[in-house]
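Below, each chain spelled out in residue letters.
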Amino acid sequence: MARKEGVLKKMRKILIVLLMVSFASTGLLMSQDEFKPNFDFKGSRFAAGYLDSQTDGAFHKGSYQVPDTKLRFNWNIIPDATIVTRMSLNDSTFKEIDYLYIDYKDLFVNLSPSVKDSFFNPKVRMGRFKLETGEETWSNNGVESVVISNSASNFNATDEGIQFSGTVKKEQLGIPMKWSLSFTNANSGTGKDDEQGKAICFKIAANPVPELYASATYFNSYDIGANDAEASYAGLKTRPTNATVWTRKITEINLRYDFQPGKEDRLNPGAPAWSDSKGFIRVAYGNFVDNGDDEVAPILVVTKRDGKYYFIEGCYNATEKVYLAARQSNIAFDDSDMFASLNGVNANEYTRTSLGVGYRLSDKTHIKVESMSNSEDVPTGTDEPDNNQFSLLITAKF
């Protein structure tokens, strides 16, 4: 009962915020006769289906689930600004507001019109948003990905801060490029940042030829103190054992090659499951370093966690309706004696193979089937878990 009351209180707060934004935007619109209001749900998504795993998996009895539902509100309050609010309703339960930010384009133009056609005229984003951590992060869900599961590594982060992003026209550098730079709190949760250092995430991407897209990402949390990290790999957010201060660094390189590419913007590829190419292959390779110290007596030894990860993924559009997909992914610590929670399993190395088939019921709705198998290197004397999984989902994207 108390849990339900807590959820209702959260929902009431959300409705109040949405009404306040609505009233504020109405007032702004009344003062700008030429501006037409713009409100939509683009970016929302839904998935429901049946999940069945082996004895050590989350769904070892077989279960009908609603594993991924996001309801997104885009409020275009003034001509150059949009407020984005996204609610997470995974598992048919209100989880959180995972996005709450404002996007402002041409901010610097308003300050100085001379920068309008210059190299530096970035869009500014401020609030709580998803960081530009590689490429999988933009489709690490069963709706937008060509397979239902995520890769073994799944480098991902959502945090409070500010981000600058922009594009470089082909005429300026010879090839179309884009970039982003963010400064965020780094520590997990939505509370205040209790460390002076701010995380930096820098990404640069290019489209040198129509078929090829490439990007590189660098993330540095700087000092997180004793907090959990907001940026995670393989679901791991906790600090190294015995560390009272620590940092996390991650770098990732991505390549994607499309066969017979269609009309999709090659510099800004959309959800892989909606690719209009005949097929594509994409590869990611990254490395991570978690470094910490114990600064509280008695001083204990802190072992550095570092390692590497990769995935290779392919999709083939057999017909306009049917697509076939596969992904092989792996993450491992460099030190063979290092064990930590990788996707919920205490392991030194984690490998995942995902095979899937999708059928497009319509432009926005798909049926997907996947067989996922996992392999882990666990400590001596520990049994490797039986956690392979079969999944069937009906998905929709707005």
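Note that the coordinates shown come from a computational prediction; the quantities given were computed from them, not determined experimentally.

Calculation rules
Residues numbered from 1 in each chain as written. Predicted model: local features only at pLDDT ≥ 70, side-chain atom pairs only at ≥ 80, totals over all residues. Heavy atoms only, no water. Helix = DSSP H or I, 4+ residues; strand = E, 2+ residues; numbered from the N terminus. Buried < 20%, exposed > 50% of the residue type's maximum accessible area, 1.4 Å probe, protein only. Contact = heavy atoms within 4.5 Å. Areas by Shrake-Rupley, 256 points an atom, 1.4 Å probe, with all protein chains shown as cover. Core = buried A, V, L, I, M, F, W, Y, C linked by side-chain atoms within 4.5 Å. Pairing = 2+ DSSP bridges. Phe/Tyr/Trp six-rings, centres within 6.5 Å; stacked < 30°, edge-to-face > 60°. Patch = residues over 30% accessible without salt bridge, like charges linked within 9 Å, V, L, I, M, F, W, Y side chains within 5 Å. Salt bridge = Lys/Arg side-chain N within 4 Å of Asp/Glu carboxyl O. Lys, Arg positive; Asp, Glu negative; His and termini not counted. Charge placed at Lys NZ, Arg CZ, Asp CG, Glu CD. Polar contact = N/O pair within 3.5 Å; in protein donor to acceptor, adjacent residues only side chain to side chain. pLDDT = per-residue confidence, 0-100.

1. Considerations on the overall build of the chain
In terms of regular secondary structure, the chain is built from 3 helices and 19 strands. Going through the 398 residues of the chain one by one, you find that 46% of them count as buried. Intrachain contacts of the chain at a sequence separation of at least 6 include 59% that bridge at least 24 residues. Summing over all exposed atoms, the chain offers an accessible surface of approximately 19700 Å²; the carbon and sulfur share of this is 59%.

2. What to know about the nonpolar core
In terms of nonpolar packing, the biggest core is built from 28 residues, with F219, Y233, I250, F288, I331, F333 and L342 touching the most fellow members. Elements with a contribution of two residues or more to this core: strand 5 (96-104), strand 9 (199-209), strand 14 (322-333), strand 15 (340-342) and strand 16 (345-347). Apart from the residues lying within four places of it in its own chain, the contact partners of F333 are Y233, L236, F288, R305, D306, G307, M338, F339, A340, L342, A347 and N348. Judged by nonpolar contacts, the second largest core, of 8 residues, contains W75, I77, A81 and M87.

3. Quick look at unusual backbone geometry
For the bond running from A297 to P298, omega is -5°, close enough to zero to count as cis. Relative to the helices and strands, P298 is located in the loop between strand 12 (279-293) and strand 13 (305-317). In the Ramachandran plot, N154 falls in the positive-phi region, its phi being about 45° despite a non-glycine side chain. On the secondary structure map, N154 appears in the loop between strand 6 (123-130) and strand 7 (158-168). A residue is classified by how much of its surface remains accessible, and N154, at 14% relative accessible area, is buried. With phi around 55°, Y222 is a residue other than glycine that occupies positive phi space. Along the chain, the position of Y222 falls in the loop between strand 10 (212-220) and strand 11 (245-259).

4. Considering the pairing of strand 11
Sheet topology places strand 10 next to strand 11; 9 bridges connect them, and they run antiparallel. For S215, the partnering residue across the bridge sits in strand 11 and is N254. In the sheet, strand 11 pairs with strand 12 via 15 bridges, with the strands oriented antiparallel. Across the sheet, the residue bridging to L255 is V283, located in strand 12.

5. A word on the packing of aromatic side chains
On inspection of all chains with the given rule, the structure shows 12 aromatic pairs. Residues F155 and F219 carry aromatic rings whose centres are separated by 6.4 Å and whose planes lie at 70° to one another, so their mutual orientation is edge-to-face. Highlighted residues: F155 in the loop between strand 6 and strand 7 and F219 in strand 10, separated in sequence by 64 residues. One exposure class covers both F155 and F219, and it is buried. Measuring from ring centre to ring centre gives 4.0 Å for Y233 and F288, while their planes differ by 25°; the resulting arrangement is stacked. Of this pair, Y233 sits in the loop between strand 10 and strand 11 while F288 sits in strand 12, and the two are 55 residues apart along the sequence.

6. Some remarks on the environment of L71
By the element assignment, L71 lies in strand 3 (residues 63-78). Judged by relative accessible area, L71 falls into the partly exposed class, the value being 30%. Along the backbone, L71 and L89 are 18 residues apart, and their C-alpha atoms lie at a distance of 7.5 Å. L71 has contacts with F41, S44, T85, R86, M87 and L89, leaving out every residue within four places of it along the chain.

7. Notes on a negative patch on the surface
Residues D56, E349, D377, D383, E384 and D386 make up a contiguous surface patch of negative charge. Here D386 lies in the loop between strand 18 (365-377) and strand 19 (389-397).

8. A closer look at the pairing of strand 18
Where burial is concerned, the two faces of strand 18 differ: the one with H366, K368, E370, M372, N374 and E376 is buried and the one with T365, I367, V369, S371, S373, S375 and D377 is not. Hairpin connection, strand 17 (residues 349-360) to strand 18: the antiparallel pair is bridged by 4 residues. Pairing geometry for strand 18 and strand 19, over 8 bridges, is antiparallel. What sits directly across from S371, in strand 19, is F390.

9. Some remarks on the side chain of T217
Looking at the element boundaries, T217 is found in strand 10. Within the local environment of T217, its side chain forms a polar contact with the backbone nitrogen of G134, the two atoms lying 3.2 Å apart. Among residues more than four places away in sequence, those in contact with T217 are E132, T133, G134, F155, C201, F202, K203, I250, T251 and E252.

10. Digging into the confidence of the model for the chain
It should be kept in mind that the predicted coordinates are not to be read in detail where pLDDT is low. Put simply, the chain has an average pLDDT of 90, and 90% of its residues get 70 or more. For residues 1-5, every residue scores under 50 in pLDDT, and the model assigns this stretch 1 contact once sequence neighbours within four places are set aside. Note that residues 15-32 has pLDDT below 50 and, in this model, 14 contacts with residues that lie over four places away or in other chains.

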